[in-house]
Amino acid sequence: MALLPRLLLVALLLVAVTGEADAGGAGHGQARYDRVFSFGDSLTDTGNSAILPVTAGGPFTNPPYGQTHFGRPNGRASDGRLVIDFIVESLGLPPPTPYLAGKTAVDFLHGANFAVGGATALDPAFLQSRGITSFVPVSLSNQTSWFNGVLQLLDSTGNGQRKIMASSLLYLGEIGFNDYSFVAVFGNGTVGLAQSLVPHIVGAIRSVLTDAIGVGARTMVVAGMIPMGCEPELLALLPGGAGDYYDRASGCIARFNQLAQLHNRALKRMLCQLRRDHPGAAIHYADLYRLIAAVVSSPRKYGFGDMPLAACCGGGGGPYNFNFTFFCGTPAATACADPSESVSWDGIHYTEAANRFVAHAILRGL
């Protein structure tokens, strides 16, 4: 699928990023960054999960992951590049080193990626107190500790760290999906408990940003929640009946998209307050929900195929092509002929084509 039409159509969705960015960083002009520090879960992880013992050797380490761009599995839960990869490439920078792959200051000269597949925003102990079990023992507080450790490696002085952060871009990818989805899946589709987590998750995100601003961060991009109800995984595992269970326009699960919107409203309110508290920081909001929802509702308009709710790689057939028995990367799974036609790669993560679409909108906002 040709790239040019998609890039032209991105202009129609620039408000998804710039509408919130103007309040925090208008007038900064063309920025020059020397490195990127990124946080998040599997939508941003470029290799930590392949090293972390509890996730190493998972399906994403097998073909056909990575086939589109790298020609082999490359530590990413996609057929190719992620949003963070496109952002870094467009800035002309080498990719930030996955935190678990680095040891010395030299390894992190161009930044670090702290994102881990399966990571939660909230600490496992907090989730356990609410009866929620997380499967990967990494939260935003862990990633913040790693970030502070890397800064210490690069420069142990406060002035030195502020200089480093002044020329760095901080990208906080989507985070919180795992917290919410664990409740949704194991709570048989109920969202009441998940909704109660919203202020805590947004508070955890605020803590990361406040910590970064405290050590000199000036430019931050914060991604909102994706339209959870459009995930093939949740659609296949939690089928509904008649009535308003599904959104008529998109076919997504309405209650989960409403949860994502609740999260995003709270997140945007928090970012507005953070801008007021720290007027010298440029804090950009990236509206992943609006971008992905637009593609799902009108896939042909944005250069994708007619089945935006079906996983490209996996098995099980039907409208979602998702079944854990045939999960992508396992022997029984198969991949579609042209991943660029698909929005979802494996039922949970996006294709390189979808990631490119989102990344270019974010970059235009910067």
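Up top you'll find the structure we're talking about.
Residues numbered from 1 in each chain as written. Predicted model: local features only at pLDDT ≥ 70, side-chain atom pairs only at ≥ 80, totals over all residues. Heavy atoms only, no water.

Some words on the sheet that holds strand β1 (residues 35-39)
The parallel open sheet is built from 6 strands, whose spatial order is β2-β3-β1-β4-β5-β6. Two strands in the sheet have a free side with no partner beyond their single neighbour: β2 (97-98) and β6 (282-286). One ladder, built from 5 bridges, connects strand β5 (residues 219-223) with β6; its direction is parallel. Counterpart to alanine 223 in the pairing with β6 is alanine 286. Sitting on the sheet, helix α5 (residues 140-154) touches β1 and β3 (111-113), and the angle it makes with β1 is about 155°. (Pairing = 2+ DSSP bridges. Helix = DSSP H or I, 4+ residues; strand = E, 2+ residues; numbered from the N terminus. Contact = heavy atoms within 4.5 Å. Axes fitted to C-alpha atoms, helices over the stretch in contact; angles between N-to-C directions.)

Observations regarding the pairing of strand β4 (residues 168-172)
With 5 of its 5 residues buried, β4 lies for the most part within the structure. Burial of the side chains of β4 extends over both faces: Ser168, Leu170 and Leu172 are buried on one face and Leu169 and Tyr171 on the other. Alignment of β1 against β4, held across 5 bridges, turns out to be parallel. Looking across to β4, one finds that valine 36 is bridged to leucine 169. Strand direction decides the pairing type here: β4 and β5, joined by 4 bridges, are parallel. When the sheet's bridge partners are listed, leucine 169 is paired in β5 with threonine 219. (Buried < 20%, exposed > 50% of the residue type's maximum accessible area, 1.4 Å probe, protein only.)

A few points about helix α8 (residues 192-214)
Look at α8: 35 Å from first C-alpha to last across 23 residues, which is about the 33 Å you get at 1.5 Å a residue. In the segment just after α8, glycine 216 is the residue with positive phi, at about 110°. (Expected span 1.5 Å × (residues − 1).)

Focus: the packing of aromatic side chains
The tally for this structure, following the rule as stated, stands at 17 aromatic pairs. Ring geometry for phenylalanine 114 against phenylalanine 147: centres 6.0 Å apart, planes inclined by 85°, an arrangement best described as edge-to-face. Highlighted residues: phenylalanine 114 in the loop between β3 and α4 (124-129) and phenylalanine 147 in helix α5, separated in sequence by 33 residues. In terms of burial, phenylalanine 114 and phenylalanine 147 fall into one category: buried. With a centroid separation of 6.0 Å and 85° between ring planes, the pair formed by phenylalanine 322 and phenylalanine 327 is classed as edge-to-face. Take phenylalanine 322: its relative accessible area is 10%, and that puts it in the buried class. One aromatic cluster is present, built from ring pairs that chain together Phe37, Phe39, Tyr99, Phe108, Phe114, Trp146 and Phe147. (Phe/Tyr/Trp six-rings, centres within 6.5 Å; stacked < 30°, edge-to-face > 60°.)

Digging into the pairing of β1
Of all 5 residues making up β1, 5 are buried, and the element is well covered by its neighbours. Residues Arg35, Phe37 and Phe39 line one face of β1 and the alternating positions Val36 and Ser38 line the opposite face, and both faces are buried. Sheet topology note: the β1/β3 ladder contains 3 bridges and is parallel. Note on β3: the bridge partner recorded for phenylalanine 37 is alanine 112.

Digging into the state of the cysteines
Using the criterion set out here, one finds 3 disulfides in the structure. The residue that forms a disulfide with cysteine 230 is cysteine 252, at a sulfur-sulfur distance of 2.1 Å. Taking the sign of the torsion about the S-S bond as the criterion, the disulfide between cysteine 230 and cysteine 252, at about 105°, is right-handed. Here cysteine 230 is found in the loop between β5 and α9 (232-237), whereas its partner cysteine 252 is found in the loop between α9 and α10 (254-277), with 22 residues between them in sequence. In terms of burial, cysteine 230 and cysteine 252 fall into one category: buried. Disulfide pairing is shown between cysteine 312 and cysteine 336; the S-S distance is 2.0 Å. Disulfide cysteine 312-cysteine 336: the torsion about the S-S bond is -95°, which places it as left-handed. Note that cysteine 312 is positioned in the loop between α11 (288-297) and β7 (313-314) and cysteine 336 in the loop between β8 (334-335) and α12 (352-365), a separation of 24 residues in sequence. Residue cysteine 312 is classed as buried on the basis of its relative accessible area, which comes to 4%. You can call cysteine 336 partly exposed: its relative accessible area is 24%. (Disulfide = S-S within 2.5 Å.)

No statement about biological role is implied by the geometric values presented.
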